[in-house]
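# Close look at the chain arrangement
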Amino acid sequence: MRIEHIDVVVLSFPVSHYIGGWRPVTKTFHLITFLLTDFGVVGVGEGTPYGSSIAKAYAKAISLAKAVKGLTLEDALNTLVSREHEEFEKNKRVNYGAYLALESAILYALSQYKGLKHEAELLGGIYRTDIPIAYTIFLNHPRTMTHKLRDAIEYGFKHVKFKIPCNLEELEGLLKTMYSVVMRYNVGKLVLRADANECFSTLEKTRKALMIMEKYGVKIVEQPMPRDKLKDIAKLRKEFYPVIEIMLDESLRKPSDIELFAHMEVADSINFHPSKLGCLTITREAILKTQKLGMKANIGSALMTEVGFYHYLNLAASIPRPDYPLEEPGIYNIYGYSIARNPLKIVGGKITLQNIDISDLDFNLMKQFVIGRSFIFEESLIHLMRITKFSGLRT
């Protein structure tokens with residue numbers, strides 16, 4: 001069975017939130033990939049740009065699509081993994097979202113062709129069907145953030161990640177308010193994780209920030225300093241372990257970095273952001289390697305559509321020993337945007353592993369968020385509608 005046709009569509013959703021240091025995020029970008037085989041099997045995947053522009057990510061996706069067109073699904077998978085490993089050795093900048101978009105579509109098609117119940121079987125097995133999800137709180141007014149924390153506790157979430165300000169006075173005021181909520185609810189097993197997004201530039205300021213966070217019950221601090229200040233982060237880890245765990249995110253650029261982190265004893269855990277290491281197979285391998293080297297692994301978030309959310313649920317299901325809940329909540333559960341007739345909903349802090357049927361995707365909804373609707377992307381969607389009709393799917 002060979003790949004006969006591939007279409008890549010770029011979607012963008014308007015959002016409004018702040019990450020560490022009050023940096024604004026106003027839109028999300030999504031590479032949605034559809035492929036058709038000569039057997040009539042359709043695959044769908046999603047990747048997001050990380051460390052690169054959407055234009056470069058799209059160009060890379062088109063280039064990879066040309067490279068795998070005409071190959072069998074198995075040969076296409078091997079080609080993508082091989083190419084990405086070559087890029088890890090050559091490039092310093094991260095730009096692997098296109099690999100995720102292509103590979104996940106191929107995995108979807110291959111699992112459909114083999115009649116597997118879930119894609120996780122291809123990745124390494126189904127170790128669970130109820131996937132715990134972490135709750136994310138973006139940076140906002142302390143009152144708004146405490147309301148969100150209250151919601152998280154009442155909805156049954158056990159792991160709450162929240163963005164923090166870089167100003168120490170603001171930080172302490174926020175944490176004091178949030179801590180009062182935790183005490184009021186008497187939630188003993190709730191894990192609070194602060195994501196700094198590299199915002200503390202000096203060793204002394206970061207130390208003061210960690211002392212404040214320790215005071216108010218923060219258990220994990222994600223990327224407290226800039227990505228290249230590994231020696232300083234290692235010093236802080238030794239000072240605050242085991243009360244506070246240090247998680248690296250932006251510092252991770254390629255799989256070989258994991259061995260460096262272990263050698264330097266710089267981190268307790270690593271966050272594997274969607275699209276950062278591209279192929280799901282490579283990400284899973286890196287997660288298992290991280291655990292083997294004595295660190296923990298977190299599967300991160302990019303506010304993906306139902307397509308990407310589906311794939312990341314399967315990745316989470318395929319990990320034998322997960323260290324944390326899945327961080328990816330899907331953009332629907334945060335902003336209400338959906339490209340499916342039946343959105344994937346989180347209930348009680350978890351979601352049941354389920355398949356996404358391509359026939360449930362609504363192309364009319366997708367058209368509302370396509371970039372460049374008057375040009376090539378509009379033509380791509382028209383083509384996709386024809387493909388799905390040809391395959392007996394609803395549009």
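One structure accompanies this document, and this report is about it.

About the cut-offs
Residues numbered from 1 in each chain as written. Predicted model: local features only at pLDDT ≥ 70, side-chain atom pairs only at ≥ 80, totals over all residues. Heavy atoms only, no water. Helix = DSSP H or I, 4+ residues; strand = E, 2+ residues; numbered from the N terminus. Buried < 20%, exposed > 50% of the residue type's maximum accessible area, 1.4 Å probe, protein only. Polar contact = N/O pair within 3.5 Å; in protein donor to acceptor, adjacent residues only side chain to side chain. Pairing = 2+ DSSP bridges. Axes fitted to C-alpha atoms, helices over the stretch in contact; angles between N-to-C directions. Parallel < 35°, antiparallel > 145°, perpendicular 65-115°, else oblique. Left-handed = near helix turned anticlockwise from the far one by under 90°. Contact = heavy atoms within 4.5 Å. Nonpolar A, V, L, I, M, F, W, Y, C, P; charged D, E, K, R; others polar. Core = buried A, V, L, I, M, F, W, Y, C linked by side-chain atoms within 4.5 Å. Lys, Arg positive; Asp, Glu negative; His and termini not counted. Salt bridge = Lys/Arg side-chain N within 4 Å of Asp/Glu carboxyl O.

## A look at the side chain of S359
When you line up the elements, S359 lands in the loop between β12 (350-352) and α13 (363-367). Judged by its relative accessible area of 9%, S359 falls in the buried class. Looking at S359, its side chain comes within polar contact range of the side chain of D357, at 2.9 Å.

## Remarks on the pairing of strand β1 (residues 3-19)
Within a regular strand, the side chains alternate between the two sheet faces. Burial within β1 is extensive, with 12 of its 17 residues counted as buried. The pairing of β1 with strand β2 (residues 23-37) spans 14 bridges and is antiparallel. Bridging from a neighbouring strand, P14 pairs with K27 of β2. Following β1, the chain reverses through three residues before pairing antiparallel with β2; G21 in that reversal takes a positive phi of roughly 80 degrees.

## Regarding the packing of helix α5 (residues 142-155) against helix α6 (residues 168-185)
Interhelical geometry of α5 versus α6 gives an angle of 25 degrees and a closest axis separation of 9 Å. Of the possible angle classes, the one that applies to α5 and α6 is roughly parallel. For the crossing formed where α5 meets α6, the hand is right-handed. Residues P142, M145, T146, L149, R150, I153 and E154 of α5 form the contact with α6, whose participating residues are L174, T177, M178, V181, V182, R184 and Y185. Looking at the contact of α5 with α6 residue by residue, the classes come out as nine nonpolar, two polar and three charged.

## A look at the nonpolar core
Ranked by internal contacts, the top residues of the largest apolar core, which has 131 residues, are L31, L149, F162 and M213. Ranked by the residues each element gives to this core, the list is headed by helix α3 (residues 97-113), at 11 residues. In this structure L149 touches I137, V160, M178, V181, V182, L190 and L192, once residues within four positions along its chain are discounted.

## Some remarks on the sheet that holds strand β3 (residues 42-47)
In space, the three strands of this open sheet follow the order β1-β2-β3, with antiparallel pairing throughout. Looking along the sheet, the strands with just one partner apiece sit at the ends: β1 and β3. Strand-to-strand twist in this sheet, taken as the mean axis angle between neighbours without regard to direction, amounts to 20 degrees. Sheet topology note: the β2/β3 ladder contains six bridges and is antiparallel. Looking at the pairing, I32 lines up with E46 of β3. Along the sheet, α3 contacts β1, β2 and β3; its crossing angle with β3, the most-contacted strand, is approximately 155 degrees.

## A closer look at the side chain of R128
By secondary structure assignment, the location of R128 is in the loop between α4 (120-123) and β4 (130-132). Buried charge without a salt bridge: R128, with D130 as the nearest opposite-charge side chain at an N-O distance of 9.6 Å. Polar side-chain contacts of R128 include one of 3.5 Å to the backbone oxygen of A317. In terms of polar contacts, R128 uses its side chain to reach the backbone carbonyl oxygen of P320, at 3.1 Å.

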